[in-house]
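If you want the building blocks of each chain, they are given just below.
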Number of protein chains: 2
Amino acid sequence: MSLPSVQEKGSNQYQFLNEEDIIHYVKKHGFFREDEPVSVIEISDGKINHVYRLTGEGKTLIYKQAVPYARTVGETMPLPLDRVRVEARVLQEYDRILPGSAPKVLLLDENMAILITEDMSPMQVGRTALIHGAEPAGFTKDVAEFSAQTLFYTSDYYLDPMVKKELNASLMNPGMRQLTEELVFDRPFQFHESNYFEAGLKNDVLFLSQDQKLKKEVAKLKHKFMTKADALIHSDLHSGAIFVSEDKTVVFDTEFACFGPFGFDMAHFIANLFINGIGSPQYEYKRYEQARETWYAFSAKFSELWRNESNEAYTQIDGYLTDLLEEIFSDMLGYAGCEMIRRAIGIAQIDDLNHEQDEQKRMERRRKTVELGKYLIMERSKIRSLEELENWFR
Amino acid sequence: MSLPSVQEKGSNQYQFLNEEDIIHYVKKHGFFREDEPVSVIEISDGKINHVYRLTGEGKTLIYKQAVPYARTVGETMPLPLDRVRVEARVLQEYDRILPGSAPKVLLLDENMAILITEDMSPMQVGRTALIHGAEPAGFTKDVAEFSAQTLFYTSDYYLDPMVKKELNASLMNPGMRQLTEELVFDRPFQFHESNYFEAGLKNDVLFLSQDQKLKKEVAKLKHKFMTKADALIHSDLHSGAIFVSEDKTVVFDTEFACFGPFGFDMAHFIANLFINGIGSPQYEYKRYEQARETWYAFSAKFSELWRNESNEAYTQIDGYLTDLLEEIFSDMLGYAGCEMIRRAIGIAQIDDLNHEQDEQKRMERRRKTVELGKYLIMERSKIRSLEELENWFR
């Protein structure tokens, strides 16, 4: 796999480029003719990076530059520029494992923390599609099979153990992982000032920080996230990191990627289906059905790869796969619970819960999201199938 | 921490040094005077590396050079020269965490894969002391507390998460880990040609390779070893990697070190106590008592550090420590079982089982080692304390 990469002499210094600089930069690198009119439109949500769509005559591309902190928080939350290298490397890895499953990387400039990729428009962002009830039918199955494949092919059941450990070392991504550790596993359970909720939920959020049994389970899930390197995970596979259309599904925003527990990505995906359903009662049961479809499609694909593609002799032992899927399922529920709680009351808010104008309704939905999250965390080893959750979605 | 290190211009090429070259090399680096008579005596067991004691006038030191394969197997088992860097780095880390717990590193030459360390003589190797029933009283407690401290201080309960992940990446040590994966977890359960046992044990060894329930559990332990980065582990902490004397205990041979599961090192240590006891019935009950002492000293020290030194807020949650110690205990039993089986019938044989001249007795001891190993693997989650094992040692 060859990575288009720029390492120019004399341009080793990071500097943030404004819109005029950007046009100069991309023309210098031959993406547009020198005399070609190019428009620059910012399309990022403004939380972490600066992302622009560049449009010339008959060509568009996506230009992303990182700043050394999270935009949404400011310079008090430093973030490594190296996340752009990780993002590019993982997009390429995904595209290699499942061609077309990630935008093509057109340029990576590590020193400048600039990444230029294929523009996936007019594909829609999954979250937007879900909020409008306009998601394509094949979407959940695509994500499930994408996840099964990218996990299996980067796990010790397939990869050469030497190659896997080297890939793990090169994608250690400690700075971005720390953000997940803090925002997903710590702050929502600390009555932290950065949490976000209606005043009427104050006690709910306070009780989260006082629930010792819950916090013990969150602590275990956090530690497993920090220490278990099952496979390359996206680490932030919510519906806002997925482009959808009728004929394909494309995963992006891989800057949080690292080696982590098998169940983590499916957790984030189904958690965001659940949240969307709670936030839009007319879709609630459908989201539950989609979560079920997701899990069964994931386990079918993972099992198929296990049987046909494994390089680990122990995968031939009868019963091992079932035990592993049980662990993945239980982890998935636990991590889904954490994601639901942090999306409900943490700093990284999403529209699914916030588009409702009626405060009382919004509050009740936020509370239900928290309660289901707690239930999933506490009962993750006892729940035998997603069907047992049906009553939460009626 | 500054590491004495040599990176000379023009000497970047690895070459294996003979005894004459060695004397020239150490004099050039100022360890001895140019006209000083220096004797070179090989002291390695010949399994993996070349190790020499160099003695001048009033000074001795240990010189070790790696070859790019395992000596005992030959060039068909390539091993990375980088293991010498890992060994030096980890010796220094141990000495930093618990001063005096590892030999001082005097020189590391990464290109030449040469490591020069302090000579710990006249300390005895732990295995030799155990075989002769001459181990110092404080030995097991020292090892337990060494392990508790080196694990805790390199875990996410103490270390900054960024620092820990960077240390993990720099000590990924994939080549040496692969050796463990293969020799500890694969070959003993494959009726492999490299296994070693008396003809009368052929069926015992064959049945190991046909025991599907056992192999499923070994598979899980192997995968956890490959994927769980709880803390910096020695990875080969048997009694032959420990120097003992009445007043101190020193750990060496850290070339297998990596980040791994908490329970791994204690497993290897108690497994080798058990094996020694089975191999020398007059010490059998004592070895069981020492294993108990080891576990209780380990958990006492680990708990003390958890309470007083932790930087992870979740360690304040009541009950979390007990759950973690339970997991460590269960992993310890499982990995001890694997170590017992591979030492009994695998390629890396030890004197504890082989010093007996009577073939029938030797065979029975080897079989008992295998049987206890199987029991520990299968029952690791059900055994509540080492006291439940007492009948194995009467």
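Keep in mind that this is a model prediction, so the values were computed, not measured. (Residues numbered from 1 in each chain as written. Chains lettered and ligands numbered in written order. Predicted model: local features only at pLDDT ≥ 70, side-chain atom pairs only at ≥ 80, totals over all residues. Heavy atoms only, no water.)

Some points on the packing of helix H4 (residues 139-153) of chain B against helix H9 (residues 264-279) of chain B
Residue and element names in this part refer to chain B.
Phase 1 of the analysis: Between H4 and H9, whose axes approach to 10 Å, the crossing angle comes to 165 degrees. Judged by the inter-axis angle, H4 sits roughly antiparallel to H9. Crossing handedness for the pair H4 and H9: right-handed. Contacts between H4 and H9 involve Phe139, Thr140, Val143, Ala144 and Ser147 from the former and Asp265, Met266, Phe269 and Leu273 from the latter.
Phase 2 of the analysis: Class assignment of the residues belonging to the contact of H4 with H9 gives a composition of 6 nonpolar, 2 polar and 1 charged. (Axes fitted to C-alpha atoms, helices over the stretch in contact; angles between N-to-C directions. Helix = DSSP H or I, 4+ residues; strand = E, 2+ residues; numbered from the N terminus. Parallel < 35°, antiparallel > 145°, perpendicular 65-115°, else oblique. Left-handed = near helix turned anticlockwise from the far one by under 90°. Contact = heavy atoms within 4.5 Å. Nonpolar A, V, L, I, M, F, W, Y, C, P; charged D, E, K, R; others polar.)

Here's the deal with the sheet that holds strand E7 (residues 114-118) of chain A
Residues and elements named next belong to chain A.
Phase 1 of the analysis: Pairing within the open sheet is antiparallel, and its 5 strands lie in the order E1-E2-E3-E7-E6. In this open sheet, the two strands that pair with only one neighbour each are strand E1 (39-42) and strand E6 (105-109). On average, each strand axis in the sheet is tilted by 20 degrees relative to the strand beside it, whichever way the strands run.
Phase 2 of the analysis: In this sheet, E7 lies alongside E6 in antiparallel orientation, the contact comprising 4 bridges. (Pairing = 2+ DSSP bridges.)

Here we look at the state of the cysteines
One covalent bond between the sulfur atoms of two cysteine residues makes up a disulfide.
All names here are of chain B.
Phase 1 of the analysis: Tallied over the full model, the rule gives 0 disulfides over all chains.
Phase 2 of the analysis: Cysteine Cys258 remains unbridged, with the sulfur of Cys338 as its closest cysteine sulfur at 15 Å.
Phase 3 of the analysis: Note on Cys258: relative accessible area 0%, which makes it buried.
Phase 4 of the analysis: A relative accessible area of 0% places Cys338 in the buried class. (Disulfide = S-S within 2.5 Å. Buried < 20%, exposed > 50% of the residue type's maximum accessible area, 1.4 Å probe, protein only.)

A closer look at the domain arrangement of chain A
Bring the parts together and some accessible area is lost; that lost area is often taken as the interface size.
Residues and elements named next belong to chain A.
Phase 1 of the analysis: By the assigned domains, chain A splits into domain 1 (19-118) and domain 2 (124-393).
Phase 2 of the analysis: Placing a centre on the C-alpha atoms of domain 1 and another on those of domain 2 gives a separation of 26 Å.
Phase 3 of the analysis: In this complex, domain 1 contributes 23 residues to the contact, which on the side of domain 2 involves 28 residues.
Phase 4 of the analysis: Here domain 1 and domain 2 share an interface that buries about 2,200 Å² over both sides, 68% of which is from carbon and sulfur atoms.
Phase 5 of the analysis: For the domain 1 face of the interface with domain 2, the top three residues by lost area are Met77, Tyr94 and Ile97, together amounting to 26%.
Phase 6 of the analysis: Put simply, domain 1 and domain 2 have 7 residue pairs in polar contact (both at pLDDT 80 or more) between them.
Phase 7 of the analysis: It is helix H2 (residues 83-97) that provides the largest number of residues to the side of domain 1 that touches domain 2, a total of 10 residues. (Domains from an automatic or database assignment. Buried area = accessible area lost by both parts, 1.4 Å probe. Polar contact = N/O pair within 3.5 Å; in protein donor to acceptor, adjacent residues only side chain to side chain.)

A look at the interface of chain B and chain A
Phase 1 of the analysis: Contact residues are listed per partner, giving 39 residues for chain B and 39 residues for chain A.
Phase 2 of the analysis: Summing both partners gives a buried area of about 3,500 Å² for chain B against chain A, and 62% of it is carried by carbon and sulfur.
Phase 3 of the analysis: By the criterion of area lost to chain A, the three top residues of chain B are Lys165, His223 and Tyr314 of chain B, representing 20% of everything that side buries.
Phase 4 of the analysis: Where chain B packs against chain A, one counts 8 salt bridges.
Phase 5 of the analysis: Across the pair Glu312 of chain B and Lys222 of chain A runs a salt bridge, and its minimum N-O distance is 2.7 Å.
Phase 6 of the analysis: Along the contact surface separating chain B from chain A lie 18 residue pairs in polar contact (both at pLDDT 80 or more).
Phase 7 of the analysis: Contributing elements (two or more residues each) for the side of chain B that touches chain A: helix H5 (161-170), helix H6 (174-186), helix H8 (212-227) and helix H11 (320-345) of chain B.
Phase 8 of the analysis: Per-element accounting of the side of chain B that touches chain A gives the leading share, 10 residues, to H8 of chain B.
Phase 9 of the analysis: Looking at the side of chain B that touches chain A, its residues break down into 16 nonpolar, 7 polar and 16 charged. (Salt bridge = Lys/Arg side-chain N within 4 Å of Asp/Glu carboxyl O.)

Overview of unusual backbone geometry
Residues apart from glycine generally show negative phi values, whereas peptide bonds are mostly found in trans.
Phase 1 of the analysis: Here Ser121 of chain A and Pro122 of chain A are connected by a cis peptide whose omega angle stands at 10 degrees.
Phase 2 of the analysis: Counting through the fold element by element, Pro122 of chain A comes out in the loop between E7 and strand E8 (124-125).
Phase 3 of the analysis: The backbone of Phe191 of chain B shows a phi angle near 50 degrees, a positive value even though the residue is not glycine.
Phase 4 of the analysis: Unlike most non-glycine residues, Asp253 of chain B shows phi in positive territory, near 50 degrees.
Phase 5 of the analysis: We classify Asp253 of chain B as partly exposed; its relative accessible area is 25%.

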